[in-house]
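If you want the building blocks of each chain, they are given just below.
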Amino acid sequence: MGRKILFITTDQMRYDAIGANGGRVARTPNIDSFAADGISYDRAQPQNVVCMPSRSTMVTGQNIGTHGVWMNGVPLPVDSPSVAAVLRDAGYRTALIGKSHFEPLLDPFLRFEENQQGFAGATEGHRGFDHMELATHGAAGFTHYSRWIRQNHPEAIGMFFQVLDGDLEVSNVPGGDSGAPQIKHNAVPRDWYHTDWVADRTISWLDGLHSDDDWFCWMSFPDPHHPWDPPESELHRVDWRELDLPVGYPQNQAQREAIIDAKPRHWRLWYDGKLVSNYEAPGKWVPATLTADQIREVNAMAHIENELIDEAIGRVLAAIEAKGWSDDLDIVFTTDHGEFQGDFGFLFKGPYHVDSLMRIPLIWRPAPSAGGGADATARVSKPVGLLDLAPTFCSIAGVQPPEWMEGRPLPIDDADAAARGFERVTTEWDSRQPDGTEIHLRTIMRDDFVCTTYQPGTVHDGTEGELYDLVLDPLQQINLWDDPERRSLRDELLIDLAANFVEPIEFRHAEAPV
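Residues numbered from 1 in each chain as written. Predicted model: local features only at pLDDT ≥ 70, side-chain atom pairs only at ≥ 80, totals over all residues. Heavy atoms only, no water.

1. Thoughts on the pattern of salt bridges
Inference 1: A full pass over the atoms with the stated rule returns 44 salt bridges.
Inference 2: Among the salt bridges present, the one from Asp-196 reaches Arg-190, with a minimum N-O distance of 3.3 Å.
Inference 3: A salt bridge links Glu-234 to Arg-237, with the nearest nitrogen and oxygen atoms 2.8 Å apart. Each member of the pair, Glu-234 as well as Arg-237, carries the same accessibility label: buried.
Inference 4: Several salt bridges share partner residues, and in doing so they unite Arg-27, Arg-190, Asp-196, Asp-200, Glu-234, Arg-237, Glu-307, Glu-311 and Arg-315 into one network. (Salt bridge = Lys/Arg side-chain N within 4 Å of Asp/Glu carboxyl O. Buried < 20%, exposed > 50% of the residue type's maximum accessible area, 1.4 Å probe, protein only.)

Below, the structure is given as structure tokens:
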């Protein structure tokens, strides 16, 4: 019997969402315990800051340019390599429960396998997963969760925030107490909500395993991604009126706009509502209208959702403990990308390569039987990426990572990271929208600097960029791109970026907005 692997992901969670990373609001004792007995990665970064590209990188261990999912709506080919298939071939039982999003969710004609399975209630899975039960952010769509709601609690369908408006565009309907976009006080009972459903279905799958099975389970929570509509019964957990504003939100309007104006021009264009370069952001919403109270309420909702996730994780861990499997269990916890949550006066995400979106929580709690525990606790400051997850799972299972994986097993401490050359991590963005808008970012994080170059598009001419000193300017409010004293450093980082960036093998068109 070997080591079992519980891979836990959230969706759109900030680095500072959890107590172990300095979060001061949401109570996350179960997640924090992973850090207390494991390895925390303080500079973990996704290879793209939206869902489908990041999740495709997680399952393949490949850069965006290799697997080809450059934006939401671009399906990962069904024959793409998968770490789940590698582990299954090594004798592991494999499951994915919750949000997958390797294929578009907006799929009214059921063109894609995962939606077909969800609609039919089939659970045999694909991409190397023996078992799949899928969910997304509400009761709409063709997932196993939405089917469960339709069959068991149809009255709950209308309780969730309706993501699309009457024009079939992402809704900016105001809600909550503050009138913030994508907030709703949701009357759904807590045990019908997708967070507890994911935990329930995970426990059910574990109950069907034999005691000597090796298993890999990806438990994927749809929250705290917008819309922010947790069960109304849980709103007492965090009073938004009592929250401090985020340190990344300049409260003085003139100061805030001066910071934005020192960044490439698409920042100000979005702020003024003149450009939307990510389909998931409401097209009719103008960030400049965002109020302090709306920021507080959005943050409160996210904190509540994170507490519910932590409690759901605790129930799954208790079930594993009851089976006597904890000693041989590796736990890896992370998310796919971050969320503004008010930083710079923005919500949601897009082509904005700052820590709000790029710095993510990542914790690996190795199995106690393999030397994990308090004595092995470490915080790794060297940069790592989501493409390092798949080879890490192979390493845990005692399987040689296949050559098509482009990441490396995660380092166990800074000495290991230095010895194995963990020096940089890259992130990219490409917008190619039907209206002709094109924005292209290429970013390198190295030596406590973040450097982003903009390729020519409809907004930028190829001369703009961003350079931030994370030591002197951790909030990334001072753009050093045009600072003559930093020109040589900027050029050095751009050379390093070009040498380590994986260009696309082919361009595939988006087949749905999201």
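2. Here's the deal with empty space enclosed by the protein
Inference 1: In this structure the tally under the stated criterion is two cavities of 30 Å³ or more.
Inference 2: Counted as a void, the largest cavity has a volume near 80 Å³.
Inference 3: In this structure, the largest cavity is lined by Lys-99, Ser-100, His-101, Glu-103, Pro-104, Leu-105, Glu-114, Asn-115, Leu-134, Ala-135, Phe-142 and Thr-143.
Inference 4: Within the lining of the largest cavity, the residues separate by chemical class into five nonpolar, four polar and three charged.
Inference 5: If you add up the space inside the second largest cavity, you get close to 40 Å³.
Inference 6: Around the second largest cavity, the lining residues are Trp-270, Leu-275, Val-276, Ser-277, Asn-278, Ala-281, Lys-349 and Tyr-352.
Inference 7: Residue composition of the lining of the second largest cavity, grouped by class: five nonpolar, two polar and one charged. (1 Å grid on protein atoms, 1.4 Å probe; cavity = no way out; pocket = protein on both sides within 12 Å on 5 of 7 lines; lining within 4 Å. Points joined across faces, edges and corners; volume = space filled by probe spheres on them. Nonpolar A, V, L, I, M, F, W, Y, C, P; charged D, E, K, R; others polar.)

3. Thoughts on the layout of surface pockets
Inference 1: Reported here for the largest pocket is a volume of approximately 1,000 Å³.
Inference 2: If you go around the largest pocket, you meet 41 residues; those closest to its centre are Leu-106, Val-163, Leu-164, Val-170 and Val-514.
Inference 3: Split by residue class, the lining of the largest pocket holds 20 nonpolar, 14 polar and seven charged.
Inference 4: For the second largest pocket, the calculated volume is near 820 Å³.
Inference 5: Taken together, 34 residues line the second largest pocket, and the ones lying closest to its centre are Arg-14, Asp-16, Pro-246, Val-247 and Asp-343.
Inference 6: Listing elements by their share of the lining of the second largest pocket, those giving two or more residues are α10 (292–322) and α11 (355–358). (Helix = DSSP H or I, 4+ residues; strand = E, 2+ residues; numbered from the N terminus.)

4. A short note on the state of the cysteines
Where two cysteines share a covalent bond between their sulfur atoms, that bond is called a disulfide.
Inference 1: Scanning the entire structure with this criterion turns up zero disulfides.
Inference 2: No disulfide involves Cys-394; its sulfur sits 17 Å from that of Cys-217, the nearest cysteine.
Inference 3: For Cys-394, a relative accessible area of 0% translates into the label buried. (Disulfide = S-S within 2.5 Å.)

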